[in-house]
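# Notes for the structure review
As a plain string of letters, each chain reads:
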Amino acid sequence: MEIYLQDSAATEALGKLLGRHAADGDVFCLTGDLGAGKTLLSRGVAEALGVSSEDVTSPTFAIMNVYQGTELEVRHFDLYRLNRPEELEDIGFDEYAGGDGVTLIEWAELFSEQLPEEYLQITLRLDGVGRRAVLEPKGERYEELLGEVEKDADFGN
């Protein structure tokens, strides 16, 4: 699925839509250039799960932020500053990714071999004044999720 997002509000709205359809154990892997909107989309997902928007910040330096939503816990990773797969072990990545709650992984492409077997791949690219989002399901659960999202949304495409 490919969607043109005309501005930051549309990017956050896509995140909220994904969050409304998220389920316990879901993993969303976000890739794209610096400034493409990964944290903005993550904020939308977290808000839909009952996390206050001002609590959601980029975990660039912390590597992982955990937010307690009213619906589910959200674990928000930023792998940009990690260099080796062993560093994922040090932060307990395997224990969190795909566990209870929803996992958001920014810069997931840096450690593609360590990702769970199934997840939703979300690639964001700057495109003019907006951005283009490409959503690729990796597994049956995420094919179903995208079907739900398509039924629930009017992307204007």
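Definitions and limits used
Residues numbered from 1 in each chain as written. Predicted model: local features only at pLDDT ≥ 70, side-chain atom pairs only at ≥ 80, totals over all residues. Heavy atoms only, no water. Core = buried A, V, L, I, M, F, W, Y, C linked by side-chain atoms within 4.5 Å. Buried < 20%, exposed > 50% of the residue type's maximum accessible area, 1.4 Å probe, protein only. Contact = heavy atoms within 4.5 Å. Phe/Tyr/Trp six-rings, centres within 6.5 Å; stacked < 30°, edge-to-face > 60°. Helix = DSSP H or I, 4+ residues; strand = E, 2+ residues; numbered from the N terminus. Lys NZ or Arg CZ within 6 Å of the ring centre and 35° of its normal.

## Here's the deal with the nonpolar core
If you look at the biggest cluster of nonpolar residues, it comprises 45 residues, and the most contacted ones within it are Leu18, Phe28, Ile105, Leu120, Ile122 and Leu135. When near neighbours in sequence (up to four residues on either side) are disregarded, Ile122 contacts Leu18, Phe28, Cys29, Leu30, Thr31, Leu41, Val134 and Leu135.

## Observations concerning the packing of aromatic side chains
Inspection of every chain in the model, using the stated rule, returns two aromatic pairs. Pairing Phe77 with Phe93 gives two aromatic rings, centres 5.0 Å apart and planes at 70°, and the pair type is edge-to-face. You can see Phe77 sitting in strand E4 (residues 73-78) and its partner Phe93 sitting in helix H4 (residues 93-96), a full 16 residues away along the chain. Relative accessible area serves as the criterion here: at 2%, Phe93 is assigned to the buried category. Ring geometry for Tyr80 and Trp107: centres 4.7 Å apart, planes at 50°, overall tilted. Of the two residues, Tyr80 is situated in the loop between E4 and helix H3 (85-90) and Trp107 in the loop between strand E5 (102-106) and strand E6 (119-127); the sequence distance between them amounts to 27 residues. The class of Tyr80 is partly exposed, set by a relative accessible area of 39%. Over the ring of Trp107 we find Lys38; its NZ or CZ atom is 4.2 Å from the centre of that ring.

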